[in-house]
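Residues per chain are reported as follows:
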There are 2 protein chains.
Amino acid sequence: MMPSSVKTLLAAETALKTVCISGWVRTRRDAKAFSFIEINDGSCLANLQVIADPELENYEQIRKLTTGSSVSVTGAMQESPGKGQKWEILATAVTLIQTAPEEYPLQKKRHTDEFLRTISHLRPRTNKYGAAFRIRSTLSYGVHRFFQERGFFHVHTPILTGSDCEGAGELFQVTALNLDQVPQKDGKTDYTADFFGKPANLTVSGQLEAEAAALALGNVYTFGPTFRAENSNTRRHAAEFWMVEPEMAFCDLFQNMAMAETFIKFLIGDALKNCADDLNLFAKFVDKRLMQELDVILSKPFVRLPYEDAVTILKQSGRNFSYDVFFGADLQTEHERFLAEDHFKQPVIVYNYPKSIKPFYMRVNDDDRTVAAMDVIVPRIGEIIGGSQREERPTVLDARMKETRVSAADLWWYRDLRRYGSVVHSGFGLGFERLIMLVTGITNIRDVIPFPRTPGAIDF
Amino acid sequence: MMPSSVKTLLAAETALKTVCISGWVRTRRDAKAFSFIEINDGSCLANLQVIADPELENYEQIRKLTTGSSVSVTGAMQESPGKGQKWEILATAVTLIQTAPEEYPLQKKRHTDEFLRTISHLRPRTNKYGAAFRIRSTLSYGVHRFFQERGFFHVHTPILTGSDCEGAGELFQVTALNLDQVPQKDGKTDYTADFFGKPANLTVSGQLEAEAAALALGNVYTFGPTFRAENSNTRRHAAEFWMVEPEMAFCDLFQNMAMAETFIKFLIGDALKNCADDLNLFAKFVDKRLMQELDVILSKPFVRLPYEDAVTILKQSGRNFSYDVFFGADLQTEHERFLAEDHFKQPVIVYNYPKSIKPFYMRVNDDDRTVAAMDVIVPRIGEIIGGSQREERPTVLDARMKETRVSAADLWWYRDLRRYGSVVHSGFGLGFERLIMLVTGITNIRDVIPFPRTPGAIDF
């Protein structure tokens, strides 16, 4: 008989004469006449309770079942008289697969997040991390459903790249050369012998390639890993993280903002609907205000706030910020959080940022001092989405590339997109891990990535 | 008025008084009283025909519209008297956005695949590549739908890794060190100053981490980029490609094979249903036998063939293979294709391969000379899926690691999975590009990846 998942069985509407489950023992306790075993198979947060009676031929073995042991159980699923569960299994057979030894690290007690990070291979077996990674999976599927149902095409933009999209450093370099003996020519690395014949990096964004795709297919999105070799050990930064980047032809900044808002609301609504049990765990144990805060995001239109007005609000706030605020200053997390958490108490979309602090590809506004950029800022997280209308005018683009010292030769193909049927187009990037942090209340990015990569950390 | 997509309009059931589309001119021609413009917006293969009459105030401009120019059109959608299309738009306004210059490379004529690779940023604007990348998107979504609807969780396994899963070379190395001046200690690279404090590579598979996830969450899958620094310029190899890797707890080799077969059939059926027009293009212009071959895959159960029987068949074939066949020889593409194309004329799953040619993590069979490995072999492609039941017995795993010189210290966490509630489990890997090649009949992997990476090629 094929085993059923705990999730399927718990959703059953009637008792079932014979069922079979396979999973891992969470706890076991003896009552007067029985042994109660809680089995989890990872399909959902809940365990299924199994009742083993002393008539079972291996009852002595069952009584010694330890936390983490693997078992298969056959029996009848019947209504449970116990609290907090609808069904339980009265076992006709309990087959022990492997006993977990006493040193199994996940004994029933509270573990710190720090400790659990050292056993990333085991932590999804805990309630909290099992829930986090099930939510991650649901949100990932939600991203695809959102775009596919709206006629967007998924584009796999390259991870290995010869260019640096943002014109900013902090790139990982990729090579097939032997680092012990790098060939040199005139005191510099001789890349002619390397795999690509020139330097190669890990991508920081698929945007530029997504633009090429959007100007052919209309609406597209990417969803893949991106990389930053930023040597900062914070709760918000990882060296490897996933980004969602839609790119839309014939779409201006305001339509772009509307899409970003719809997208965030869709994903939160989707998680609330499809991960109710897992989310409740976070609302109960991780952040008591979680549900209320998600509700605020869902229930109101996001504020639209020109950057210049944001600066005014921040200046008049009376707050003592670590970083000065003035026209031309990039907003820091402290500013963003003040706007979303204290001033508006809801998500805010700041737009029309100063040209001087933004990359070459953002469309220059008529005032010539701002660009059609937008950031979606949410309580607790700060910036969760950054986007812009792209500069579609060839001469303005060329001037901006020159101004910001971006190589026109490297990006010949990107410039081509402005020569051959250029159109208004826009897009944004969503940091997928920040979304999971927003939805779960988890405050450290290391705890929403199955095997996080940060400075010095590449185990597993 | 918001523009509609060509795809949506072409699916309309009734005429529409006022519609608006934005897109690119594919062709334009003059008739006696009108100008006919074919507009494509990437949403589907078909163009929408626009009729511009001389009454339009910018008619002289319209008459000069070139291929590749961007336009917006408003008008009435009415039944088309012309052949091959149900609807056309009688324009009330045609707004020129940008005229494409004469040197626009995609003039209406046949281009070679080789030439189109040099303009990867423009080729999705052609019928063939637009269709290929729409199919790629549909198949990608199909992968997620298949697994999510079956209760699998999507796991983002790491791209940056300190270990080499297969124990085989050909890895790209990742570093934040300056290659011009690599720090050394005792004549070797000193990694203490590097980002992770030790050597880091790009992953060749997410399997080992997926196993950790499966032993917590039950059924999981990965879908992400993988990398090989293999310096071979063939039609079948790219340095960067996407892999799908499901991993299932409580699943043996035979259940694994059944899942692989169901999966392939689901994806092909999905493409036939959701990409009918795009697939017809390939059946018409790329591979005339395509539909028949896809039908063969869908209509029969895949053959199950022990490796040893495959060797016998190949030996008795009378064929003059380039590579010898004997027990212990790895099957080459020529052998695989003989089995699937000539002998069985349908997909074949070869299983129980010799232990000596397979990696340490595959489960050793009772005969101690084979392992519970399986490859799904399809006509035209050869191997499209490789998988196995994993070695779940700690002592056997340790012995195999020693035998194959895989570092037990590096994989301490993988060994842990066999100490703490080990269970029978299995999984496989599907090369996503090979799937697209199978479904479209495209024979070069460079033509199913938007921006392919191969030796010397990292433009765009």
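Residues numbered from 1 in each chain as written. Chains lettered and ligands numbered in written order. Predicted model: local features only at pLDDT ≥ 70, side-chain atom pairs only at ≥ 80, totals over all residues. Heavy atoms only, no water.

Engineer: Could you give an account of the sheet that holds strand S5 (residues 87-98) of chain A, naming the residues involved and the relevant values?
Structural biologist: Spatially, S1-S2-S3-S5-S4 (chain A) is the arrangement adopted by the five strands of the closed barrel, whose pairing is mixed. The mean angle between the axes of side-by-side strands here comes to 55°, regardless of whether they run parallel or antiparallel. (Pairing = 2+ DSSP bridges. Helix = DSSP H or I, 4+ residues; strand = E, 2+ residues; numbered from the N terminus. Axes fitted to C-alpha atoms, helices over the stretch in contact; angles between N-to-C directions.)

Engineer: Outline the domain arrangement of chain A, supporting the account with residue identities and numerical values.
Structural biologist: Residue and element names in this part refer to chain A. The assigned domain composition of chain A is domain 1 (6-98) and domain 2 (123-168 + 204-447). Taken over C-alpha atoms, the centre of domain 1 sits 45 Å from the centre of domain 2. For the pairing of domain 1 and domain 2, the buried interface totals around 510 Å² over both sides, and the portion due to carbon and sulfur atoms is 43%. When the buried area of domain 1 at its contact with domain 2 is split by residue, Arg26, Gly42 and Leu45 rank highest and sum to 80% of it. Summed over the shared surface of domain 1 and domain 2, the number is zero salt bridges. In this assembly, domain 1 and domain 2 are joined by three residue pairs in polar contact (both at pLDDT 80 or more). (Domains from an automatic or database assignment. Buried area = accessible area lost by both parts, 1.4 Å probe. Salt bridge = Lys/Arg side-chain N within 4 Å of Asp/Glu carboxyl O. Polar contact = N/O pair within 3.5 Å; in protein donor to acceptor, adjacent residues only side chain to side chain.)

Engineer: Quick one: what's the story with the pattern of salt bridges, residue by residue and with numbers?
Structural biologist: Applying the stated rule across the entire model yields 58 salt bridges over all chains. Residue Asp278 of chain B pairs with Arg134 of chain B through a salt bridge whose shortest N-O separation is 3.0 Å. Residue Asp278 of chain B is found in helix H7 (residues 276-285), and its partner Arg134 of chain B is found in helix H4 (residues 127-149); the two are separated by 144 residues along the sequence. Per residue, the accessibility class of Asp278 of chain B equals that of Arg134 of chain B, and both read buried. Each member of the salt-bridge network shares a partner with another, and the members are Asp287, Arg289, Glu293 and Arg380 of chain A. (Buried < 20%, exposed > 50% of the residue type's maximum accessible area, 1.4 Å probe, protein only.)

Engineer: Can you tell me about the sheet that holds strand S2 (residues 35-40) of chain B, naming the residues and giving the values?
Structural biologist: Residues and elements named next belong to chain B. Pairing is mixed around the closed barrel formed by five strands, whose spatial order is S1-S2-S3-S5-S4. With direction set aside, neighbouring strand axes in the sheet form an average angle of 55°. By the bridge criterion, 10 bridges tie strand S4 (residues 70-79) to strand S5 (residues 87-98) in an arrangement that is antiparallel. Its bridge partner being in S5, Val73 is matched across the sheet by Val94.

Engineer: Quick rundown of the relation of the copies chain A and chain B? Include the residues and the values.
Structural biologist: Note on the copies: chain A fits chain B at an RMSD of 0.0 Å, the axial shift is 0.0 Å, and the rotation between them is 180°. The transformation relating the two chain copies, once decomposed into turn and shift, fits a two-fold axis. Among all residues of chain A, the one whose C-alpha sits closest to the rotation axis is Val174 of chain A, at a distance of 2.3 Å. By residue overlap, the copies meet face to face through one surface: 100% of the interface positions of chain A are interface positions in chain B. (Least-squares fit on C-alpha atoms with pLDDT ≥ 70 in both. Contact = heavy atoms within 4.5 Å.)

Engineer: Account for the packing of helix H6 (residues 253-274) of chain A against helix H8 (residues 290-299) of chain A, naming residues and giving values.
Structural biologist: Residue and element names in this part refer to chain A. Look at H6 against H8: their axes get within 9 Å of each other, and the N-to-C directions meet at 140°. As judged from the angle between their axes, H6 and H8 are oblique. Note on packing geometry: the crossing formed by H6 with H8 is left-handed. Each of Ile264, Lys265, Ile268, Gly269 and Leu272 in H6 lies in contact with H8, whose residues at this interface are Met291, Leu294, Ile297 and Leu298. The class makeup of the residues in the contact of H6 with H8 is seven nonpolar, one polar and one charged. (Parallel < 35°, antiparallel > 145°, perpendicular 65-115°, else oblique. Left-handed = near helix turned anticlockwise from the far one by under 90°. Nonpolar A, V, L, I, M, F, W, Y, C, P; charged D, E, K, R; others polar.)

Engineer: If you had to explain unusual backbone geometry to someone new, which residues and values would you point to?
Structural biologist: A negative phi angle is the norm for most residues apart from glycine, just as the trans form is the norm for most peptide bonds. With a phi close to 55°, Lys345 of chain A is a non-glycine residue in the positive phi region. One non-glycine residue with positive phi stands out, namely Phe250 of chain B, at about 60°. Within the secondary structure layout, Phe250 of chain B lies in the loop between strand S13 (240-249) and helix H6 (253-274).

Engineer: Got a sec to walk through the side chain of Glu336 of chain A? Specific residues and values, please.
Structural biologist: Residues and elements named next belong to chain A. Looking at the secondary structure, you find Glu336 in helix H10 (residues 333-343). The side chain of Glu336 sits in the buried core without any salt bridge; Arg236 is the nearest counter-charge, 5.2 Å away. Within the structure, Glu336 has its side chain in polar contact with the backbone nitrogen of Glu383 (distance 3.1 Å). In this structure Glu336 touches Leu331, Asp375, Ile377, Gly382 and Glu383, once residues within four positions along its chain are discounted. (Lys, Arg positive; Asp, Glu negative; His and termini not counted.)

Engineer: Explain the interface of chain A and chain B to me, and be specific about the residues and the numbers.
Structural biologist: Taken together, the 107 residues of chain A in the interface contact 107 residues of chain B. The contact between chain A and chain B buries some 8900 Å² in all, and 64% of this surface belongs to carbon and sulfur atoms. When the area that chain A buries against chain B is broken down by residue, the three leading residues are His156, Phe195 and Tyr420 of chain A, summing to 9%. Between chain A and chain B we count six salt bridges in total. One salt bridge in this structure joins Lys198 of chain B and Asp459 of chain A, with 3.2 Å as the shortest N-O distance. Taken together, chain A and chain B are joined by 43 residue pairs in polar contact (both at pLDDT 80 or more). If you tally residues by element for the side of chain A that touches chain B, the top one is helix H4 (residues 127-149) of chain A, at 11 residues. Here the residues of the side of chain A that touches chain B sort into 55 nonpolar, 33 polar and 19 charged. Judged from the three bridges that link them, strand S8 (residues 173-175) of chain A and strand S8 (residues 173-175) of chain B form a sheet pairing that is antiparallel.

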